[in-house]
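Each chain is listed here by its residues.
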Number of protein chains: 2
Amino acid sequence: MASTVEGGDTALLPEFPRGPLDAYRARASFSWKELALFTEGEGMLRFKKTIFSALENDPLFARSPGADLSLEKYRELNFLRCKRIFEYDFLSVEDMFKSPLKVPALIQCLGMYDSSLAAKYLLHSLVFGSAVYSSGSERHLTYIQKIFRMEIRDPKTLLPMPGVMVGDIGKKLGQNGLDNGFAMFHKVRVPRQSLLNRMGDVTPEGTYVSPFKDVRQRFGASLGSLSSGRVSIVSLAILNLKLAVAIALRFSATRRQFGPTEEEEIPVLEYPMQQWRLLPYLAAVYALDHFSKSLFLDLVELQRGLASGDRSARQAELGREIHALASASKPLASWTTQQGIQECREACGGHGYLAMNRLGVLRDDNDPNCTYEGDNNILLQQTSNYLLGLLAHQVHDGACFRSPLKSVDFLDAYPGILDQKFEVSSVADCLDSAVALAAYKWLVCYLLRETYQKLNQEKRSGSSDFEARNKCQVSHGRPLALAFVELTVVQRFHEHVHQPSVPPSLRAVLGRLSALYALWSLSRHAALLYRGGYFSGEQAGEVLESAVLALCSQLKDDAVALVDVIAPPDFVLDSPIGRADGELYKNLWGAVLQESKVLERASWWPEFSVNKPVIGSLKSKL
Amino acid sequence: MASTVEGGDTALLPEFPRGPLDAYRARASFSWKELALFTEGEGMLRFKKTIFSALENDPLFARSPGADLSLEKYRELNFLRCKRIFEYDFLSVEDMFKSPLKVPALIQCLGMYDSSLAAKYLLHSLVFGSAVYSSGSERHLTYIQKIFRMEIRDPKTLLPMPGVMVGDIGKKLGQNGLDNGFAMFHKVRVPRQSLLNRMGDVTPEGTYVSPFKDVRQRFGASLGSLSSGRVSIVSLAILNLKLAVAIALRFSATRRQFGPTEEEEIPVLEYPMQQWRLLPYLAAVYALDHFSKSLFLDLVELQRGLASGDRSARQAELGREIHALASASKPLASWTTQQGIQECREACGGHGYLAMNRLGVLRDDNDPNCTYEGDNNILLQQTSNYLLGLLAHQVHDGACFRSPLKSVDFLDAYPGILDQKFEVSSVADCLDSAVALAAYKWLVCYLLRETYQKLNQEKRSGSSDFEARNKCQVSHGRPLALAFVELTVVQRFHEHVHQPSVPPSLRAVLGRLSALYALWSLSRHAALLYRGGYFSGEQAGEVLESAVLALCSQLKDDAVALVDVIAPPDFVLDSPIGRADGELYKNLWGAVLQESKVLERASWWPEFSVNKPVIGSLKSKL
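Reading the values: rules and limits
Residue numbers here run from 1 along each chain, matching the order of that chain's written sequence. A letter from A marks each chain and a number from 1 marks each ligand, given out in the order of writing. For this predicted model, a pLDDT threshold of at least 70 governs which residues receive local features, and a threshold of 80 or more governs which side-chain atom pairs are given and counted, while totals over whole chains, interfaces and linings are taken from all residues. Hydrogens and water are ignored here; the side-chain numbers use all heavy atoms of the structure. We define a salt bridge as a side-chain nitrogen of Lys or Arg found within 4 Å of a carboxyl oxygen belonging to Asp or Glu. To sort residues, take the accessible area from a 1.4 Å probe on protein chains only and compare it with the maximum for the residue type: under 20% means buried, over 50% means exposed, and anything in between is partly exposed. For helices, the fitted axis covers only the stretch in contact; all axes are lines through C-alpha atoms, and the angles between them, taken along N-to-C directions, range from 0 to 180 degrees. Under the DSSP-based scheme used, a helix requires at least four consecutive residues in state H or I and a strand at least two consecutive residues in state E, with every element numbered from the N terminus. Orientation categories follow fixed angle ranges, with anything under 35 degrees roughly parallel, anything over 145 roughly antiparallel, 65 to 115 roughly perpendicular, and all other angles oblique. Throughout, a contact is declared for two residues whenever any of their heavy atoms are within 4.5 Å. Classification convention: Asp, Glu, Lys, Arg as charged; Ala, Val, Leu, Ile, Met, Phe, Trp, Tyr, Cys, Pro as nonpolar; all other residues, Gly among them, as polar. Only residues with pLDDT of at least 70 in both copies count here: their C-alpha atoms drive the least-squares fit that superposes the copies. Two aromatic rings from Phe, Tyr or Trp, using only the six-membered ring of Trp, form a pair when their centres are within 6.5 Å; if the ring planes differ by under 30 degrees the pair is stacked, by over 60 it is edge-to-face, and anything between is tilted. In this scheme, Lys NZ or Arg CZ marks a charge over a ring once it lies within 6 Å of the ring centre and within 35 degrees of the ring normal. Pairs of N or O atoms are called polar contacts if they sit within 3.5 Å, as long as, within protein, a hydrogen donor faces a hydrogen acceptor (for residues adjacent in sequence, only side-chain-to-side-chain pairs). Multiplying 1.5 Å by the residue count of a helix minus one yields the expected span of that helix. A crossing counts as left-handed when the near helix is turned anticlockwise from the far one by less than a right angle, and as right-handed when that turn is clockwise. Each of two parts loses accessible area, computed with a 1.4 Å probe, when they are put together; buried area is these two losses added.

### What about the pattern of salt bridges?
At step 1: In the structure shown here, the tally under the stated rule is 71 salt bridges over all chains.
At step 2: Here B:Asp557 makes a salt bridge to B:Arg27, at a shortest N to O gap of 3.1 Å.
At step 3: As a salt-bridge pair, B:Glu450 and B:Arg449 come within 3.5 Å of each other at their nearest N and O atoms.
At step 4: By relative accessible area, B:Arg449 is classed as partly exposed at 32%.
At step 5: When salt bridges with common partners are traced through the structure, they connect A:Arg27, A:Glu270, A:Lys556 and A:Asp557 into a single cluster.

Now the structure itself:
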């Protein structure tokens, strides 16, 4: 397959322009085209290229360097672009069923162009549309058609219906192409038939009825709709991180500062500090992106079960497991991205602070991912509650730890796992994600036992259930939920990069990415590993730290090629310091000169020239 | 003194309006007026009030809710406001000499109104002006006058001189009231006399001369100018953190969500999670603000020595010590603020994401504090190098650890300190900053020894000095520099709150703030404390974690009163959810309705109503 693309179809993965990035590209241990093909598959690469090319060739999507867009103008543009996406209809319903991963791919492509566009399209078609579709019944099908034709109030005047007051809540930190608003209802009656009645309905007599006999099963089914939003957010977050690391790493490979001798300045990527700041986030992109796709496929399985009326115990368990994974992976992805963008911004120095280089927009647009569909810290409680529920079930009823996606099955061996210790004594033995996997399993078992004990201790000393949970969340439930989801991400990526179908030439670099993400994430829990006795002595912590740095050093020559796999075309990336040709200063200078009135005096210059301040002239007024 | 203010002069510290914050204000363990007076002193409170009142009463400083200011308009406004500050002349040169702390106070007051204003004023008068003053000589005095009269090119046309090209670098992530630019010189000759020649000069024959005989002393003297920028940034960062915690804590005390029963919802500040997220940053404000003032006074001492021509060894040592402290406290303050604002933003949920509530602007305006005057990570190397230099001097020459400000004197006992262990076994014994102080001293000694050994080991295995330092910085030099400056901050605040002049009624709350900041900062180093053997067993880590949570819980009823001490008047704070009356929803609703066109359809609504998209109509073009 690789040869097809390498040879026959250079249009799908064209060569990059020659330039200052050549040196790193030449040093890469693998072919970026081969990795792109292995990661995405040819069909997906074509799909993405179709979308990116359509945007690049359509004047409505032209970038406007230097424009100081007003809020209203930006919203209008975003609306027109969203409409245009409907007209392109990149993904038909049939395609969606055949290749479900094209859904997150479409979201990522639109989001890479502009988060507001992805959010508007996603909210309109997938969230609004699919909520009506999956929670409604036959009588609501008419709305689905209207939704896809963009018909949201009174179709002629767009004025709200009588008794309804709608308004705009104003400017936000980001995603300002989206006009969030408020709605107030004054003596408005909504007909009973408008209720989305798949999970529960009200009869003409006013009685509540539900097709689910078991409350627990109805709850499990409802969780499915909640999960889909959170799983989408994982995708939205990661696309931002992809853009940020692409910008920061191409910058770092071309920006030179200081060096071992007076004559020569070296790219800042050669400094261990810069590697340590950025490469773990590059590894995180690969690990989290893989996880996000696999979780999306799990969700598709859940939704197919719902659609086909599957009311089995397995289906309900699947709903709960996906809910637990989505509730913790949304915080993990959005926070990793938040911290990663911030690190990228700082690692690019003043260049990162220039708006045109886009890191600020990425940070602002990513920020709500930490908040909507549930505040990250609150959501983590869902996951720790899920694990605590399983343990209680095991303690009281002797149940096995078993879940449809097997994410908790290892807990069955928890007493044995808790006896394990970290026994790696050399950095060389630590350079594999298997080391981190074993440590993570111990950590989850340890935190689960500690949380359970702490919770019971609080209750015994008189706390209500509400109080006890709140008292345990910071020190126990929160790290438990994070460690559990990190373990799952590490586990899935570890399996992915060690499967036999991985081309031999890609095994080394993928293995390093997997190990780096795993060990770097794990290192943030080092204090707990010591505290619980998994680590002891000076060496354990040293080995972990040295392994992270060694992997960074091993990956630095591959960094540019790894970025070439995940970065969208320059037009979409839209960052002078992140362009594929690596002509840092030329691109920056070009972009600066394109800004409006860059060499002119400000329009108010005579004010400056004529009316000089008289120092202290207003002092008497104080 | 307290009685004067409490009784006679309610105008200086007026009562807050009654409202939803009353409950917390009534529960506070101390009088906020007494603390304000103890922290600032009456003269300083008056000075700040004068500035705030002048801004509030001057229409030029009117806030413009809902305005979507263009870049050019914002810059013009900021320029006019800066000019007006010159006209108010809040701080005469005599006052500045008499009460040097009024300098950072003025910066904080202007910065609380708008960071761009503080930056513009600071750059113009203090950075530009004082660089010319302190690095120039008699022949440059004429420029000083021009600077204060705002005369920056050709005074009539404001066009650059021939051969000089100046331009604008465009929009930044924040501080856009400031117009940063670039300058290019084409065959421009600058007369020799323009050289700022206090530290070194060039004779008409082209020979370099300097009044300093010792290169090391000239370097120490030059460091003084570098330090003043960094010390100012500490102040700039902290003012942003003050505003952010004020907004987030008043919000948390009035925003209710869920509760122990169905009937009652409780303020989110009652949740241990919310306390843990926010209260450490409140403690950080108090500790860092005290440190920043004390460091500013140290800097004043240094500059007075420079101005009086002091070329003693002590003066040079003082320059180096302040350089080391400023190079690490600028990173500490700017990062603490960066992380604190982000936590405040998230802790306010969607309300924090609304631009009008100001947390986004604070984050954007604070961000360059991490970058300018030296990237934070790079700057930390200055501090670790300083400490390594002292150790090398001690090892080779048997010198004592002594510095003018005594920040390193404890290192003299380092072999003994390294033998110490953490021996606190109950949370109750841990609730004092003395516990953290002892741990920090051990940590700095440990990291200093480890860094020194690692550096020598790298050199022995063939690394050049350049390589060796780069290899040690991530794992050793960086944490060493941070631990050292955190220790200094903790030490100074610990001494401040334990001095005999602290009014008895304030001792408990100040002691808790000091302990919380110290233990919370220390807890981020828990893995190192275990690794080096200062901590052992499960209990040490547990006690530390529990102590932080216990202090949060003890401080939550004082949080609103502590915010009342640091928050500026509502007009300056400029955040509907952070207003002193606590009328969260009323203020928010009022602010939303003040935005422009809030209830109107967008001007482009007919486009929405008439031209519906035809799904897939452009598909053939793909």
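### Section: the packing of helix α3 (residues 32-40) of chain B against helix α20 (residues 504-523) of chain B
All names here are of chain B.
At step 1: Orientation of α3 relative to α20, taken along the N-to-C sense of each, is 80°, at an axis distance of 10 Å. The angle between the axes of α3 and α20 places the two elements in the roughly perpendicular class. Contact residues: α3 offers Glu34, Leu35 and Phe38, while α20 offers Ser505, Leu506 and Leu510.
At step 2: Residue composition of the contact of α3 with α20, grouped by class: four nonpolar, one polar and one charged.

### Points about unusual backbone geometry
Residue and element names in this part refer to chain B.
At step 1: Located in the positive-phi region is phenylalanine 258, a residue other than glycine, with phi close to 55°.
At step 2: Using a relative accessible area of 57% as the deciding quantity, one classes phenylalanine 258 as exposed.
At step 3: Phi angles above zero are rare outside glycine, and glutamate 373 is one such case at about 60°.
At step 4: Mapped onto the fold, glutamate 373 is located in the loop between α14 (359-366) and α15 (376-397).

### Some points on the relation of the copies chain B and chain A
At step 1: The transform that puts chain B on chain A rotates by 180° and translates by 0.0 Å along the axis, for an RMSD of 0.0 Å. Here the copies are linked by what is in effect a two-fold axis. Scanning chain B for the C-alpha nearest the rotation axis identifies B:Ala527, at a separation of 2.0 Å.
At step 2: An overlap of 100% is found between the interface residues of chain B and their copies at the interface of chain A, pointing to a shared contact surface.

### As for the packing of aromatic side chains
At step 1: Under the criterion given, the structure shown has 35 aromatic pairs over all chains.
At step 2: Relative to A:Phe90, the ring of A:Tyr88 has its centre 5.2 Å away and its plane inclined at 20°; by these criteria the two rings are stacked. In this pair, the class of A:Tyr88 matches that of A:Phe90, namely buried.
At step 3: Connected via pairs of aromatic rings, a cluster forms that spans A:Phe422, A:Trp442, A:Tyr446, A:Tyr530, A:Tyr534, A:Phe535, B:Phe422, B:Trp442, B:Tyr446, B:Tyr530, B:Tyr534 and B:Phe535.
At step 4: Above the ring of A:Phe571, the side-chain terminus of A:Arg63 is found at 5.5 Å from the ring centroid.
At step 5: The ring centre of B:Trp605 lies 3.9 Å from the NZ or CZ of B:Arg601, which sits over that ring.

### Quick look at the side chain of B:Asp58
Residues and elements named next belong to chain B.
At step 1: Checked against the element boundaries, aspartate 58 lands in the loop between α4 (42-57) and α5 (71-88).
At step 2: A polar contact of 2.7 Å, which involves the side chain of aspartate 58, links it to the side chain of tyrosine 88.
At step 3: Discounting chain neighbours no more than four positions away, the residues touching aspartate 58 are Arg84 and Tyr88.

### Some words on helix α20 (residues 504-523) of chain A
At step 1: Taking 1.5 Å of rise per residue, 20 residues should cover 28 Å, and α20(A) covers 29 Å from first to last C-alpha, within 8% of that figure.
At step 2: In terms of burial, α20(A) is a largely internal element, 14 of the 20 residues being buried.

### Notes on the packing of α20(A) against helix α22 (residues 537-555) of chain A
Residues and elements named next belong to chain A.
At step 1: Where α20 contacts α22, the axes come no closer than 9 Å and their chain directions differ by 145°. Considering only the axes of α20 and α22, their crossing is left-handed. Facing α20, whose interface residues are Val509, Arg512, Leu513, Ala515, Leu516, Leu519, Trp520, Leu522 and Ser523, α22 presents Leu544, Ala547, Val548, Leu551, Cys552, Gln554 and Leu555.
At step 2: Considering only residue class, the contact of α20 with α22 consists of 13 nonpolar, two polar and one charged.

### A look at the interface of chain B and chain A
At step 1: Across the contact, 115 residues belong to chain B and 115 residues belong to chain A.
At step 2: Summing both sides of the interface, chain B and chain A together bury roughly 10,300 Å²; the carbon and sulfur share of this comes to 62%.
At step 3: Looking only at chain B, the three residues that lose the most surface to chain A are B:Tyr353, B:Arg531 and B:Trp604, adding up to 8% of its buried area.
At step 4: Joining chain B to chain A, the criterion identifies 14 salt bridges.
At step 5: At the junction of chain B with chain A, the criterion picks out 46 residue pairs in polar contact (both at pLDDT 80 or more).
At step 6: Ranked by the residues each element gives to the side of chain B that touches chain A, the list is headed by α5(B), at 11 residues.
At step 7: Taken together, the residues of the side of chain B that touches chain A sort by class into 52 nonpolar, 27 polar and 36 charged.

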